[in-house]
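Geometric and topological summary
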Amino acid sequence: FFQKTLTAVKNWFTLFGWSKGQNPISIPYSLRRDMCKVPMTSSEEKNLGKDTKNVSDMLLHLSGQLSPGITSRQSLSLDPVERVLQLHWQHSTLLAFLKSQGAYLPHVMPEFLLEPDDYKKWIKEQTVLKVGDVKNSDVFSNEHIFVLDDSAFEKMSKRAWTDVLLQVYKVFVLSRISSCNITDLSSLERMQNMPRIKSEPLASNIYSPYERTILTWLNKNYENHRKTVWKDCKKGEVPPMRWILNFDRDLLDGLVLATQLAAYCPYLIATHFVRMYTNPRTPEQFLHNCLILVNALHAVSLAMDIKV
């Protein structure tokens, strides 16, 4: 499950996380590496051919602002110890900035975002400060230093960077979703018997108000278009009304997502969706529906590397 989540996050941020098009990333390797670039001379930058994008560039693109005190081309010290301290401060500032925007990251320590070698230098430096200096010992006495071996650190770093990106998506992308007032009376009449999804902040301990807005949108499009999409279906009757409550089980058969596409691209109905099973029961029928759905995504150039 975690690996599938990581892959989905990587794909989304590769496609949509940067200005001027796609920027392939790997979690955590390219994110750590690009944050740790040492200053280059103008000739070196010219030879590189293009600027290396880092997390600061991503935040600027998605939020329109940078972490306070950090520029997109922050100069790092050439002294190894100073450089590690500076990187740790940058990561601390980044986490503080995200938390101020509503991100939930109490489990992510700044040192988990460092490169493995920099993490070792950080641990060594903090151990020296804590053991060798009375004043610094008092300062660090209430802080925990997590000493992890290489394997454990890589797992922790991968999880930390994935969670950082998920929270970036939550606070800067998901929060843009707004609920539009439904003014179509005929639409209201058709949906009057459908249970409503409450939008109040405390109505769910699983989904945010923004996610519940998306669920409402899924319900509305499904109910408004299911009879149109499958009125001439070749593999079953019009599917019954349903209440879409989650983003996994209720989307497995492909029918709900098909109505979302049909609402905006009705020409896909005749070429793709009429061949779907409207009451799939076997794994083969589920696979059949999802094959058609992915082909429809490709037909409208939504090539987001979604596997059937």
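Cut-offs used in this document
Residues numbered from 1 in each chain as written. Predicted model: local features only at pLDDT ≥ 70, side-chain atom pairs only at ≥ 80, totals over all residues. Heavy atoms only, no water. Helix = DSSP H or I, 4+ residues; strand = E, 2+ residues; numbered from the N terminus. Buried < 20%, exposed > 50% of the residue type's maximum accessible area, 1.4 Å probe, protein only. Areas by Shrake-Rupley, 256 points an atom, 1.4 Å probe, with all protein chains shown as cover. Expected span 1.5 Å × (residues − 1). Bend = angle between axes of the 7 residues up to and from the residue. Axes fitted to C-alpha atoms, helices over the stretch in contact; angles between N-to-C directions. Parallel < 35°, antiparallel > 145°, perpendicular 65-115°, else oblique. Contact = heavy atoms within 4.5 Å. Core = buried A, V, L, I, M, F, W, Y, C linked by side-chain atoms within 4.5 Å. Salt bridge = Lys/Arg side-chain N within 4 Å of Asp/Glu carboxyl O. Polar contact = N/O pair within 3.5 Å; in protein donor to acceptor, adjacent residues only side chain to side chain. Phe/Tyr/Trp six-rings, centres within 6.5 Å; stacked < 30°, edge-to-face > 60°.

Identification of the protein as CFA47 protein from Heliornis fulica is taken from an unreviewed UniProt entry.

What follows concerns the overall build of the protein. Looking only at helices and strands, the protein features 13 helices and zero strands. Reading the protein from its N terminus to its C terminus gives the helix and strand order α-α-α-α-α-α-α-α-α-α-α-α-α. Looking at the protein as a whole, 38% of its 308 residues qualify as buried. With an accessible surface of roughly 18,200 Å², the protein has 57% of that area assigned to carbon and sulfur atoms.

A separate point is helix 10 (residues 209-229). The end-to-end C-alpha distance of helix 10 is 29 Å, a good match for the 30 Å that 21 residues give at a rise of 1.5 Å each. The largest bend in helix 10 amounts to roughly 30 degrees and is located at Glu223. For helix 10, the complete set of buried residues consists of Arg212, Thr213, Leu215, Leu218, Asn219, Asn221, Tyr222, Glu223, Asn224, Arg226 and Val229.

A word on the packing of helix 10 against helix 11 (residues 255-264). Where helix 10 contacts helix 11, the two axes come as close as 8 Å, and the packing angle between them is 80 degrees. The angle between helix 10 and helix 11 falls in the class roughly perpendicular. Here Trp217, Leu218, Asn221, Tyr222, His225, Arg226 and Val229 of helix 10 lie close against helix 11, whose contacting residues are Leu255, Val256, Thr259, Gln260, Ala262, Ala263 and Tyr264.

Summarising the element assignment, Ser157 is placed in helix 8 (residues 150-172). For Ser157, a relative accessible area of 0% translates into the label buried. When neighbours within four sequence positions are excluded, Ser157 is seen to be in contact with Pro28, Arg32, Phe112 and Leu114.

With the exception of glycine, most residues fall at negative phi, and the peptide bonds are largely trans. The omega torsion of the bond from Ile27 to Pro28 falls at 5 degrees, within 30 degrees of zero and hence cis. Its identity as a non-glycine residue notwithstanding, Lys20 has a phi of 60 degrees, on the positive side. When you line up the elements, Lys20 lands in the loop between helix 1 (2-16) and helix 2 (29-35). Assessed through its relative accessible area of 83%, Lys20 is described here as exposed. The backbone of Ser301 sits at a positive phi, close to 65 degrees, despite the residue not being glycine. Turning to its location among the elements, Ser301 is positioned in the segment after helix 13 (283-299).

Okay, the nonpolar core next. Among the nonpolar cores identified, the biggest contains 29 residues, and Met58, Leu59, Leu98 and Val168 are the most heavily contacted of them. Put simply, the parts of the chain that give this core at least two residues each are helix 1, helix 2, helix 4 (55-63), helix 5 (80-100) and helix 8. Counting residues per element, this core draws most heavily on helix 8, at seven residues. In contact with Met58, other than residues within four places in its own chain, are Phe13, Gly17, Trp18, Leu165 and Val168.

Moving on, we get to the pattern of salt bridges. Within this structure, the stated rule accounts for eight salt bridges. Each of Arg32, Glu115 and Glu154 takes part in salt bridges that share partners, so that together they form one network.

A few words on helix 8. Here helix 8 spans 33 Å end to end across 23 residues, near enough to the 33 Å set by a 1.5 Å rise per residue. Of the residues making up helix 8, those classed as buried are Phe153, Ser157, Ala160, Trp161, Thr162, Asp163, Val164, Leu165, Gln167, Val168, Val171 and Phe172. Its side-chain oxygen 3.3 Å from the backbone nitrogen of Ser151, Asp149 forms the N-cap of helix 8.

As a further point, take the packing of aromatic side chains. This model, assessed by the stated rule, comprises seven aromatic pairs. Their ring planes at 20 degrees and their centres at 4.3 Å tell us that Tyr119 and Phe153 sit as a pair that is stacked. With Tyr119 in helix 6 (residues 116-132) and Phe153 in helix 8, this pair connects stretches of sequence that are 34 residues apart. With respect to burial, Tyr119 and Phe153 carry one shared label: buried.

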